[in-house]
Amino acid sequence: MNDVIKTRREGAILEVTLDRPKANAIDLATSRLMGKTFEAFRDDPELRVAIVKTAGDKFFSAGWDLKAAAAGDAVDGDYGVGGFGGLQELRDLNKPVIACVHGMAVGGGFELALSCDLIYASDTSSFALPEIRAGTLADAATVKLPKRIPYHVAMDLLLTGRWMDAMEAHRWGLVNEVHPASQLEERVWDVARLLAAGPPLVFAAIKEVVRRAEAMEFQDAMNWITKRKFRTVDELYASEDNLEGFKAFAEKRDPVWKGR
């Protein structure tokens, strides 16, 4: 079972690869294992950035494993600590996560990509939410997608189940960049290394504020920041790194981030 999730570590970067032929579909056991993997990433102080990718050329992920469901996996079963795919409900994940999408991101596979902070795709990738054709709800996508791209475009995907290719996804801002498949991973690793060299406490504050402010009025969110009610903001403002940033700017040198 552990062969389904492969990890590679380079410095502060963790690459997580889902390898479950033929379509990288996710059953309950795989989802729980993914949750444990991302939980360990979250809790490791030496890790700063994660890359999420999958094996094979055809599918990024087909999402929920319908064969496993037919064999008894309940759609409302135990997906593990992070919810489906280990990411979309993982609490307090305050580190950047990059999706490296190659192939078809379908249903829950599309939702896995949506759970990441940045999405980079190959020019042969495509996205779809076919749940409507099966008479069921693309739950996480229904919540997230209208907040990521224009409402009418999101509703088109949700109501029709149609395919969106990588270039259209880029045009609507769903993916950050599109690259030839041969260049995609190199670009993703370049971005991961850039982030790994950045200020982790600031990244943590950005992620918490973005996540929690979504349900707050603007002025309430601003008051929480200025009064240091967000845990990560309080830690940032009291940190060595915060002072280091000011000193480095004044001294015209590159800052040295320690994460404390």
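For the structure itself, consult the block above.
Keep in mind it's a predicted model, so treat the numbers as computed, not measured. (Residues numbered from 1 in each chain as written. Predicted model: local features only at pLDDT ≥ 70, side-chain atom pairs only at ≥ 80, totals over all residues. Heavy atoms only, no water.)

Novice: How do you make sense of the overall build of the protein chain when you look at a structure like this?
Specialist: The secondary structure content of the protein chain amounts to 11 helices and 10 strands. The globule rule puts the C-alpha radius of gyration for 260 residues at 18 Å, and the 19 Å found for the protein chain is close to it. Here the C-alpha coordinates of the protein chain stretch approximately 60 × 40 × 35 Å along the principal axes. Per-residue burial for the protein chain yields a buried fraction of 50% across its 260 residues. Sequence-distant contacts in the protein chain: of pairs separated by 6 or more residues, those separated by 24 or more amount to 66%. Of the roughly 13500 Å² of accessible surface on the protein chain, 55% is carried by carbon and sulfur atoms. Charge-centre separation for the protein chain: the mean point of 34 positive side chains lies 2 Å from the mean point of 39 negative side chains. (Helix = DSSP H or I, 4+ residues; strand = E, 2+ residues; numbered from the N terminus. Rg over C-alpha atoms; globule rule 2.2 N^0.38 Å. Buried < 20%, exposed > 50% of the residue type's maximum accessible area, 1.4 Å probe, protein only. Contact = heavy atoms within 4.5 Å. Areas by Shrake-Rupley, 256 points an atom, 1.4 Å probe, with all protein chains shown as cover. Lys, Arg positive; Asp, Glu negative; His and termini not counted. Charge placed at Lys NZ, Arg CZ, Asp CG, Glu CD.)

Novice: I would appreciate a short explanation of the pattern of salt bridges in the present structure.
Specialist: A pair can form between side chains of opposite charge whenever their charged atoms are brought close. Under the criterion given, the structure shown has 20 salt bridges. Across the salt bridge formed by Glu 168 and Arg 162, the nearest N and O atoms sit 2.8 Å from each other. A residue is classified by how much of its surface remains accessible, and Glu 168, at 14% relative accessible area, is buried. For Arg 162, a relative accessible area of 23% puts it in the partly exposed group. Between Glu 235 and Arg 231 there is a salt bridge; the shortest N-O distance is 3.1 Å. Of this pair, Glu 235 and Arg 231 both sit in helix H10 (residues 231-237), separated by 4 residues, roughly a single helical turn. The partly exposed category is assigned to Glu 235, whose relative accessible area is 38%. Its relative accessible area of 44% is what places Arg 231 among the partly exposed residues. When salt bridges with common partners are traced through the structure, they connect Glu 10, Asp 190 and Arg 193 into a single cluster. (Salt bridge = Lys/Arg side-chain N within 4 Å of Asp/Glu carboxyl O.)

Novice: Hey, could you run me through the side chain of Asn 24 in this one?
Specialist: Along the chain, the position of Asn 24 falls in the loop between strand E2 (13-18) and helix H1 (28-43). The exposure class of Asn 24 is buried, given its relative accessible area of 2%. In contact with Asn 24, not counting residues within four places along its chain, are Leu 18, Asp 19, Thr 54, Ala 55, Phe 59, Phe 60, Ser 61 and Ala 62.

Novice: Which parts of the structure should I look at to understand the sheet that holds strand E8 (residues 126-128)?
Specialist: In sheet architecture, strand pairing relies on hydrogen bonds along the backbone and comes in two forms, parallel and antiparallel. Spatial ordering of the open sheet is given by E4-E6-E8-E9, a layout of 4 strands whose pairing is mixed. Among the strands making up the open sheet, the edge pair consists of strand E4 (59-61) and strand E9 (163-165). Across the sheet, the mean angle from the axis of one strand to that of its neighbour is 25 degrees, orientation sign disregarded. Pairing of E4 with strand E6 (residues 104-106), which is carried by 2 bridges, proceeds in the parallel orientation. Bridge pairing in E6 places Ser 61 opposite Ala 105. (Pairing = 2+ DSSP bridges. Axes fitted to C-alpha atoms, helices over the stretch in contact; angles between N-to-C directions.)

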